[in-house]
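Structural overview for review
Take a look at the letters that make up each chain.
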Amino acid sequence: MKKIEAHKSKKAMALEGSESPLTSNITAFALKAKVIYPINQKFRPLADGSSNPSLHENPKQAVLPNQVVEASTSSSLGSLSQGDKEDCSSSTTIHSATSDDRFQARTFLKVTCFPEVLTCESFDVKLCLYSLLLKDLLFLDVELRKEKYMMVIQVLRVYLTEFYLKKKINEESYQKILLKQETDFDELQKQLNSRLQSTEAMGTQNSEYQTLDDLERKEREYSEHIIDNMEAFWKQTDEAQQFVLDQAKCSSAKARKIIMNLTDKMIVVEELLSESQDLQSMDIPERLFNWELMVKMVDSVKSRIEEESKCRFNAMSNILDHLTIKSSLSVRQKEDLLAELHKAFWEQVTHYKNECVRQAKDLIMKQLACRASKIEELKQGQENEQSYLLNKDLQVGDLHEFLQAYHELLEKQRQTQWNLEEVDNRESTEAVVDLHKELYVRSSHALEELVKELFLQNLPRITGLSLRDCELLKEEWQENLVLQLEKVGSYRQQHWKLFQEQMQQEKQLWAKEYALSAVMQKRLSEKHEKIIQGVLNQLGGLSEESTNYILRKHRLLLCSVLRRLSLRNVAMATLTHMRMSRKKNLLQELREQHVLQKSSSHCSDERQWQFQKTMESHILEEEEKLEEETQQTRSEFHHQFVTEIQEALQLMQQHVEQGIGQTLLQHARQEATKQSSEDREDLKERLTESAVESVYVTISGVNRVVQSYYQQIGKIMGDYEDKKLQQLKSLLAERSENHRLKRKHEENEWTLKEKPNEGTLDISSAVPQRMLLQQKRFLAQFDMQQQARLKSLKQRILALHHLETEVENQLKQAEQDFITEVAGLARVPLPVHKQPLNRTTQSGKKSKIKMKNAQSQGKEDPADCHEKDQAPDRQNAGSLRNKPEST
């Protein structure tokens, strides 16, 4: 068996020495015959029709699917491919349905950052890089969402601060409202994080590996959770705005203006985030290409020892064949020497690969630990920068500049972190490359020693040749080796050129994806703007202010939806590339084989020419099939994408419909209030005319009613002045008592502070120390008095506001009684359904614990309302008094 294996090994090396390192007669036979061999078949028909075991396939122990095997016995010097790539060994199995299913269910390593990819198996690299791209997209989405939440909270804080400074809310309400909004938004973010973590935990039981099916399912569930969170954010924002306005008791006109301003600020936020997202999402594929270049560098260095060992072995095989022809060496001796050399080379290459993996992992772990500390330090400084900007005192007019500055700060911080990671990725790659070069030098020296031992010890002993002759043979071997290494270097350059062409094609595909995404967003935006404009035109009757608000609200929601769908479209394009990556790799291998074989042979005979034509037609056929399957995959994801678009737009439509309904309701209420006011004025005019024309109205009757009305008004105003004076005296007495108690308490505290120092201080230091204590005491008393005055003013404002509300209600009731008596005197019926006092009375009750502008919706300040209500009372009373006298 040892002799047979050595013969097979020698035969395989001889074949590879006469062909390209990436091709074989088996591949040529398969291309011509277009035979699809079973993937797991261990005995494949060879080009000569025999059915011997393949040199590239050896029994292996069971391992995890696609797990990185450090001591694999499936490697062979006769092939650049690995044993785990059985399903990729034949070009005719590119478009097999069974292969597709296996590929979808095939596990690959989970990676969290690029340096971890450098130790992955070569077949998994592309999938790992795409999974990193998806992680970057998710990270970008999370960061932009945090930024939006912080901006919204900051905008609400600025408006709350304005209300507080204008005495519309007190300090306790200010703190409670702000805390409630921050808590609600934090809870919203925690719910989303919990769902995302739950989705991440599902799937493959082994947490270190994942499948493409798991990844597609997770991305789909991520999208569903984020859309649900987006809807919840809309509702939370509307509730927060309304809650703040209710607490501040703003008039309806003021509330509408504030809501319009808040909507404009949110549109600014969405536009900033959309612009940033588009730019950064377009940079992410560029990072992917940089990653692929760095991985290619590592693979190129890593494969050098295997290529060199093959060249050394082929050169040695040629020398031994020459000695066999000259009868200096028997066939059996040659096969024994080649078998021993093959085994030694194979062991050295395996040791080199294992050391590369082991030491690279250790090196990367150290690099990642250093990176984690750098990022932690960087984030600490970034948080301080954010806190400094957020803690600035802002006014409503400064919000636009703040939003722009805060967004630029966060964008700069994200770019800084990404630059740090990119620099660290390059440093890690360079470190791994240097490590592989160092190990390569050691392994190359070991291979050189094996060859030297063969030439200077084994050959003289076996063949009887002199040492000088063996040295000449070694020089001849060296010349042959240089020629083969030059040939391999030429192959490597051509391979690199093909790789660069593939990168350019990939960049064009990504540019096409972004162009299609931009067109889709534009069409969706135009379509839905036309729809909402048509709906508003059909409704009619709305004021220009209400129409503008609905249009802005719709624009805000549409910007949010399109921003989310844009990122989802990039993720689906990434999943499409992942699903087609295996077939693209196999097709790329076919192209490389064709180009390299075409450059190595000049089609000197009809057979070579026919083989090249067959391979070209086969590549064209596979390209057409790949394009067709890519379109099918893209169409499948497109249908899923359309479903998500419809769901998101349906949620947006429902939210806009609710906004339109609320606007229509407010519009109807305003019209009803306006009509009620007009009806009341009309009632007064008709009542005056009826009283003048009525025969039942006499001068004495009118004088009696008017006199009674004036007496009632005088009594109300007198009671108001008495209560006002009494309230002010009470507040003054309370303030004096509180001030006396606090001053007494403070004097006791200062006395206790001065006593311990009386016996310890000498005369020289006692006076300055006593003066310093007196100064501190005076400043403390001044602060205490200022706080007492401020508290007293607040109490006075609340008390006066309460009294004014009571006076307003009493005056309106007196007016209503006066109108009723005049109507009864003139025998004019009054409408029973008019109840103008209910809302005002309720507002008066609520305003007992609120500040001066606490009125019902549609009301103005109490003092203004009081003046406006008193004027009609006196005017109507005078007209009703004068007109009966003229009668």
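Above this note sits the structure.
Structure report, in brief. Not measured: the values here are computed from a predicted model. (Residues numbered from 1 in each chain as written. Predicted model: local features only at pLDDT ≥ 70, side-chain atom pairs only at ≥ 80, totals over all residues. Heavy atoms only, no water.)

As a further point, take the overall build of the chain. The number of helices and strands found in the chain is 17 helices and two strands. When each of the 887 residues of the chain is scored for burial, the buried share is 44%. Relative to all contacts within the chain whose residues are 6 or more apart in sequence, the contacts with residues 24 or more apart total 82%. When the accessible surface of the chain is totalled, it reaches about 46800 Å², and 52% of it is carbon and sulfur. (Helix = DSSP H or I, 4+ residues; strand = E, 2+ residues; numbered from the N terminus. Buried < 20%, exposed > 50% of the residue type's maximum accessible area, 1.4 Å probe, protein only. Contact = heavy atoms within 4.5 Å. Areas by Shrake-Rupley, 256 points an atom, 1.4 Å probe, with all protein chains shown as cover.)

A few words on the packing of helix α4 (residues 125–165) against helix α10 (residues 399–463). At a minimum axis distance of 11 Å, the contact between α4 and α10 shows a crossing angle of 155°. What the angle tells us is that α4 and α10 run roughly antiparallel. For α4 against α10, the interelement crossing comes out right-handed. Contact with α4, carried on its side by F139, E143, L144, E147, M150, M151, Q154, V155, V158 and Y159, involves L399, F402, L403, Y406, H407, L410, R414, Q417 and W418 of α10 and no other residues of that element. (Axes fitted to C-alpha atoms, helices over the stretch in contact; angles between N-to-C directions. Parallel < 35°, antiparallel > 145°, perpendicular 65-115°, else oblique. Left-handed = near helix turned anticlockwise from the far one by under 90°.)

Residues I531, V535, L539 and L664 make up a contiguous nonpolar surface patch of about 280 Å² in total accessible area. The biggest single contributor to the nonpolar patch is helix α11 (residues 467–539), with three residues. You can see L539 is positioned in helix α11. Under the relative-accessibility criterion, L539 is labelled partly exposed at 38%. (Patch = residues over 30% accessible without salt bridge, like charges linked within 9 Å, V, L, I, M, F, W, Y side chains within 5 Å. Salt bridge = Lys/Arg side-chain N within 4 Å of Asp/Glu carboxyl O.)

Direction vectors running N to C along helix α7 (residues 252–302) and α11 enclose 165°, while the axes themselves pass 11 Å from each other. Taken together, the axis directions place α7 and α11 in an arrangement best described as roughly antiparallel. Here α7 and α11 pass one another in a crossing that is right-handed. Within the contact between the two elements, α7 uses S281, M282, P285, E286, L288, F289, E292, L293, K296 and S300 and α11 uses R492, H495, W496, F499, M503, E506, K507, W510 and Y514. When grouped by side-chain class, the residues that make up the contact of α7 with α11 number ten nonpolar, three polar and six charged. (Nonpolar A, V, L, I, M, F, W, Y, C, P; charged D, E, K, R; others polar.)

Summed over the entire model, instances satisfying the criterion amount to 40 salt bridges. Note that E231 is salt-bridged to K235, the shortest N-O span being 3.7 Å. On the criterion of helical spacing, the pair formed by E231 and K235 is a turn pair, its members being four residues apart in helix α6 (residues 212–248). Looking at K235, the relative accessible area reads 38%, which means it is partly exposed. K812 serves as the salt-bridge partner of E808, at 3.4 Å between the closest nitrogen and oxygen. Residue E808 and its partner K812 are located together in helix α15 (residues 763–826), separated by four residues, close to a single helical turn. With a relative accessible area of 2%, E808 lands in the buried category.

This part covers the environment of L262. Structurally, L262 is set in helix α7. In this structure L262 comes out as buried when scored by relative accessible area, which is 5%. For the pair L262 and V155, spaced 107 residues apart in sequence, the C-alpha to C-alpha distance is 7.7 Å.

The next point concerns helix α5 (residues 171–201). Helix length check: α5, at 31 residues, gives a terminal C-alpha distance of 45 Å against a target of 45 Å (1.5 Å per residue), a fit within 8%. Of all the positions in α5, only S173, Y174, I177, L178, Q181, F185, L188, Q189, L192, L196 and T199 are classed as buried. Buried residues in α5 make contact with α4 and α6. (Expected span 1.5 Å × (residues − 1).)

Turning our eyes to something else, we now look at the packing of aromatic side chains. A complete count under the given rule lists eleven aromatic pairs for this structure. With a centroid separation of 5.9 Å and an interplanar angle of 55°, the aromatic rings of F185 and F233 are classed as tilted. One end of the pair, F185, is in helix α5; the other, F233, is in helix α6, with 48 residues separating them in the sequence. Across the pair, exposure class does not vary: F185 and F233 are buried alike. The interplanar angle of 35° and the centroid separation of 6.3 Å between the aromatic rings of W510 and Y514 together place this pair among those described as tilted. Of this pair, W510 and Y514 both sit in helix α11, separated by four residues, roughly a single helical turn. Each member of the pair, W510 together with Y514, is buried. Each residue in the set Y149, F185 and F233 is aromatic and connected to the rest through ring pairs, giving one cluster. (Phe/Tyr/Trp six-rings, centres within 6.5 Å; stacked < 30°, edge-to-face > 60°.)

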